[in-house]
Amino acid sequence: MSAKPALSRPALLAGAVLFIGLCGSALTTIWHLNKNEREAQKRFDHLADGVASEVAKRMHLYEYGLRGTRSAFLTNALNEITRKDFINAAESRDLDHEFPGARGFGVIKRVPERDEAAFVAAAKKDDWPDFSIRQLKPHTGERYVIQYIEPVARNRAAVGLDIASEANRREAAQNSMRSGEVAITGPITLVQATGKSLRSFLVMLPIYQPGASLASPAQREAATLGWSYAPLVIDEVLNGVKGIDWTSGEFTLALRDVDGDDVQNFFTSPDAQAQGIDGLHEEIVFPLFGRKWSADVRATPAFFENLGQTHPREVAANGVLVAAVLALLTYMLAVNGLRRRELHAEQSRSAAIVEGSNDAIIGETLNGTIASWNKGAERLFGYQAAVAIGCKTIDLLLPEDLAAEDTMICTTLRRGERVEAFDTVRKHQDGSLIDVSVAASPIFGSKGECIGFAKTIRDIREARRAQLALAELNAELERKVSQRTAQLDSAMHNLRGTVDAVPSMIAYWDKNLINRMANRSYADWFGQEPAGMAGRGMREICGDKFMELNGPNIDAALRGEPQKFERKVNKPDGSFAQPSLVHYQPDVIDGEVQGFYVLVHDIGEIVEGQIKLTAALRENEALLQTLHQHAIVSVADAAGRIMEVNARFCEVSGYSREELLGQNHRIVNSGHHPEAFWQDMWYAISSGAPWRGEICNRAKDGSLYWVDSMIAPFVDANGQIEKYISIRTDITAQKRAIGEVIDGQTKLTTALRENEALLQTLDQHAIVSVADAAGRIMEVNPRFCEVSGYSREELLGQNHRIVNSGHHPEAFWQDM
């Protein structure tokens, strides 16, 4: 009888434990189900808000493009802008890269009805002979005419459209004009995208008369000249938007304009019908350029699958298992105790690392009170931990003018977000300011809530001093470069004067027999000015008889065969036959004849002329060799397309000559420089002025390299810019080792195929002298006189021993 209670108590206890376990499992399953629903809702709310935010962010991107288009007209009246000006401005920007999804940017002109005929006539003359005004519906009053749009290839149908002929477009234009802000139309169908019915928009920004008063809507309307605008197709706008992962299939999106009475979707996800779900969805209404859009986001089955939540059935099963394995509790408690000891040891190691760090590591409560203060903080700020702990960071370390900075940091951390390292200043115990780098992260509790902050503060005073030293070195380098550039300009002028002073006739004809350079003697022989000969053909200048007489020699020179012959050279009118010795010297680059030099000497002075010519050719060959060894050279036409490059360009960029010809220099654009940098450069050279600056380019293999670039425009006989010649020096090594002393100046950077350009650089960097075969000085440049202290008259006819210092032994001069 006594054995029954002993046997029943374990059974009753087991039953009770099982009953309690099953009840706990049921409650846990219900709680987990509710938790899954809350997490799904929170995740979906974040997803929906992100989608709507990314749509609005992409649309607001185009506002910058509108303002950039408008800024092109701020310095000129809208009526003074030509189509060519607009195309040049558009080509200076990479629209598809900067404003993805935009069909283009253009200008809408406000045209009074009475001026319509005159406006059309002017537009036809402005490089659009077929220009006409088209209307969607007939109307009276002002015309709002699309005059320019780039790229025009995909927007040609829009040129000439009067947007005031349709109420939706007209209303948006008038709202923008009166408010001075960007405005957007309701859903429309673009004339250049008729297949996208009611899935397109126009965004517009008014262009006002410079200097006009814009205080009231009426004044703004009176001052409006037109609008900068962009046509958008919503499918193209949303294609590739960062932050919206269409491939995940977790949601569907429907967009609608809810500002009008007729509310309908203008965009629906391609798979919205197939993925339709009656579960989680959210409609977010947000303002956009004076209108309201609605984003309807709905979850799909993939959304719930990707949450990775545990199913309540699994929770229930686990609860039953827990009830069955309570016998293992002792073992689990032992394991738990071990883990606690390991955690304590890990915390001790972490504390040792914090205390040993050279950086200041500070722990703070949610209200900014200092809770921990390591040795690095004591060394950096001078406060002992006992003094600092309990104080507020904003009171202890921040200057008064940076109090808002700490408030911003705390606000960001309370949201659970990190604060990436940034440079600022903090206050030392003695009141001095310290340059520091600050980074911060939230500290989370066991439930995932933010319970405090951890800040890491690094001393960057040494780095700042190094930056200042680097800036001073750059300034000194710029000063030296400016000085050497001024010397180069002076030498170029002097060298041109020297060439014009040579009595021999010197010219250069390219392979198409177009004159590229002629000295004063050559031009005088034909009764021309040197500048007036450049760009003209040989037959036009020399006449048919000359071409017939010299044709075989010209053909041989263009085959690369030097020609030397004696002939009586007649003037174009047939008078004054001058016995002359004529040289045709081919200009061969990479095995290809580019043209030939013409050198004509009077026979009576043949010896002197040959000496001068030989010296000039040696100097010219040295200049060409120096140019191709040290300079990166390219020639572009007036539109910026590459016409020629030298081998050094191909070597540095990694592209072959064939890959570069016909391309724009954007092929090596690294994206390092802001858009304003290129606008300033283009404005300078397109106005006829040379430009110089340092440019960071990207090679074909993706690597970056720096060049010191000089770009010079060359004009034709009519004063129009014919091409741009760019001469660059690779300064990548200087950029990588800027701390080293620059021990040399930039070598000769400008040497053009045309002799005039090649001869303009010499005197900037060189001390030049010319001696005859006996060593007697025949000519010196001003730099020689400046360095030696002798005048030109004292040097001419002397041997170079006049400047011999006696420093070198006689064997040195014998070897030379």
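Cut-offs and rules
Residues numbered from 1 in each chain as written. Predicted model: local features only at pLDDT ≥ 70, side-chain atom pairs only at ≥ 80, totals over all residues. Heavy atoms only, no water. Pairing = 2+ DSSP bridges. Helix = DSSP H or I, 4+ residues; strand = E, 2+ residues; numbered from the N terminus. Phe/Tyr/Trp six-rings, centres within 6.5 Å; stacked < 30°, edge-to-face > 60°. Buried < 20%, exposed > 50% of the residue type's maximum accessible area, 1.4 Å probe, protein only. Core = buried A, V, L, I, M, F, W, Y, C linked by side-chain atoms within 4.5 Å. Salt bridge = Lys/Arg side-chain N within 4 Å of Asp/Glu carboxyl O. Axes fitted to C-alpha atoms, helices over the stretch in contact; angles between N-to-C directions. Contact = heavy atoms within 4.5 Å. 1 Å grid on protein atoms, 1.4 Å probe; cavity = no way out; pocket = protein on both sides within 12 Å on 5 of 7 lines; lining within 4 Å. Points joined across faces, edges and corners; volume = space filled by probe spheres on them. Nonpolar A, V, L, I, M, F, W, Y, C, P; charged D, E, K, R; others polar. pLDDT = per-residue confidence, 0-100. Patch = residues over 30% accessible without salt bridge, like charges linked within 9 Å, V, L, I, M, F, W, Y side chains within 5 Å. Areas by Shrake-Rupley, 256 points an atom, 1.4 Å probe, with all protein chains shown as cover. Arc of directions from axis to C-beta.

1. Here's the deal with the pairing of strand 14 (residues 419-427)
Pairing geometry for strand 14 and strand 15 (residues 433-444), over seven bridges, is antiparallel. From the neighbouring strand, Phe-422 faces strand 15, where its bridge partner is Val-438. Here strand 14 folds back onto strand 15, and the loop between the two strands holds five residues, one of which, Gly-431, carries a positive phi near 95°.

2. Topic: the packing of aromatic side chains
Inspection of every chain in the model, using the stated rule, returns 16 aromatic pairs. Seen from their ring centres, Tyr-144 and Trp-227 are 4.7 Å apart, and the 55° between their planes marks the pair as tilted. Of this pair, Tyr-144 sits in strand 3 (residues 143-150) while Trp-227 sits in strand 7 (residues 224-233), placing them 83 residues apart in sequence. Trp-227 shares its class with Tyr-144; the two are buried. Members of the aromatic cluster, joined through ring pairs, are Phe-201, Phe-266, Phe-286 and Trp-293.

3. Structural notes on unusual backbone geometry
Look at the link from Glu-150 to Pro-151: it is a cis peptide, with omega at 0°. Within the secondary structure, Pro-151 sits in the loop between strand 3 and strand 4 (161-162). The phi dihedral of Asp-127 falls on the positive side, at around 65°, and the residue is not glycine. Examined against the element boundaries, Asp-127 turns out to sit in the loop between helix 4 (116-125) and strand 2 (134-135).

4. Some words on the nonpolar core
Soluble globular proteins tend to bury their nonpolar side chains together. Among the nonpolar cores identified, the biggest contains 42 residues, and Ile-234, Leu-253, Leu-255 and Trp-293 are the most heavily contacted of them. The element contributing the most residues to this core is helix 1 (residues 3-71), with 11 residues. One finds Ile-149, Val-159, Ala-193 and Tyr-229 within the second-largest nonpolar core, a separate group that totals 29 residues.

5. A few points about the pattern of salt bridges
Counted by the stated rule, this structure contains 47 salt bridges. We note a salt bridge from Lys-455 to Glu-364, for which the minimum N-O separation is 3.0 Å. Remark: Glu-364 occurs in strand 12 (residues 360-364) and Lys-455 occurs in strand 16 (residues 450-459); sequence separation between them is 91 residues. Ionic pairing is found between Arg-792 and Glu-779, a salt bridge with its closest N-O pair at 2.8 Å. One end of the pair, Arg-792, is in helix 28 (residues 792-795); the other, Glu-779, is in strand 28 (residues 777-780), and 13 residues separate them in sequence. Arg-792 sits in the partly exposed class, given a relative accessible area of 35%. Residue class for Glu-779 comes out partly exposed when judged on its relative accessible area of 27%.

6. Comments concerning the sheet that holds strand 25 (residues 704-715)
Sheet architecture is open: five strands sit in the order 23-22-26-25-24, paired in antiparallel fashion. Every other strand in the sheet has two partners, leaving strand 23 (642-645) and strand 24 (691-698) as the edge strands with one partner each. Looking at each pair of strands side by side, their axes are set apart by 30° on average, direction ignored. Docked against the sheet, helix 23 (residues 675-686) engages strand 24, strand 25 and strand 26 (721-730), running at close to 135° with respect to strand 24.

7. Thoughts on empty space enclosed by the protein
Scanning all chains against the criterion turns up three cavities of 30 Å³ or more. As a volume, the second largest cavity reaches approximately 50 Å³. If you trace the second largest cavity, you find it lined by Ile-146, Ala-158, Leu-161, Arg-169, Leu-190, Val-191, Gln-192, Leu-202 and Tyr-229. Its residues placed into classes, the lining of the second largest cavity shows seven nonpolar, one polar and one charged.

8. Quick notes on the confidence of the model for the protein
Low-confidence regions, as indicated by low pLDDT, have predicted coordinates that should not be scrutinised in detail. Overall, the prediction assigns the protein a mean pLDDT of 82, with 84% of residues at 70 or greater. For residues 1-7, every residue scores under 50 in pLDDT, and the model assigns this stretch zero contacts once sequence neighbours within four places are set aside.

9. Some details on the environment of Ile-632
Looking at the element boundaries, Ile-632 is found in strand 22 (residues 632-637). Residue classification places Ile-632 among the buried residues on the basis of a relative accessible area of 2%. Setting aside residues up to four positions removed in sequence, Ile-632 forms contacts with Asn-646, Arg-648, Phe-649, Val-652, Val-707, Ser-726, Ile-727, Arg-728 and Asp-730.

10. Remarks on a nonpolar patch on the surface
Taken together, the side chains of Leu-18, Leu-22 and Val-320 present a nonpolar region at the surface, about 230 Å² in accessible area. Topologically, Leu-18 is positioned in helix 1. Judged by relative accessible area, Leu-18 falls into the partly exposed class, the value being 42%.

11. Some remarks on helix 4
Residues of helix 4 that are buried: Phe-119, Val-120 and Ala-123. Projected down its long axis, helix 4 shows its buried positions confined to an angular sector of 100°, all on one face. Exposed positions of helix 4 whose direction lies more than 90 degrees from the buried face are Ala-117, Ala-118 and Lys-125. Where helix 4 is buried, its residues meet strand 1 (105-111) and strand 3. After helix 4 finishes, the residue Asp-127 shows a positive phi value of roughly 65°.

12. Quick notes on the sheet that holds strand 12
Neighbouring strands of a sheet are bound in pairs by backbone hydrogen bonds; such pairs are parallel or else antiparallel. Taking strand neighbours across the sheet as the criterion, the five strands line up as 13-12-16-15-14 in an open arrangement whose pairing is antiparallel. Two strands close off the open sheet at either side, each with one partner strand: strand 13 (370-373) and strand 14. Between one strand axis and the next, the sheet turns by 30° as a mean value, whatever way the strands run. With three bridges joining them, strand 12 and strand 13 adopt antiparallel strand pairing. Bridge pairing in strand 13 links Gly-363 to Ser-372.

13. Comments concerning the pairing of strand 10 (residues 281-288)
Here eight bridges tie strand 10 to strand 11 (residues 291-299), and the two strands are oriented antiparallel to one another. Residue pairing in the sheet places Glu-282 in a bridge with Val-297 of strand 11. Between strand 10 and the antiparallel strand that follows it, strand 11, lie two residues; Phe-289 among them carries a positive phi value of about 50°.

14. So, the layout of surface pockets
Size it by volume and the largest pocket reaches roughly 1,200 Å³. Forming the walls of the largest pocket are 34 residues, and the residues nearest its centre are Asp-85, Asn-88, Ala-89, Trp-682 and Ser-686. Those elements that place two or more of their residues in the lining of the largest pocket are helix 1, helix 2 (83-91), helix 23 and strand 26. Counting residues per element, the lining of the largest pocket draws most heavily on helix 2, which supplies eight residues. Residue composition of the lining of the largest pocket, by class: 15 nonpolar, 13 polar and six charged.

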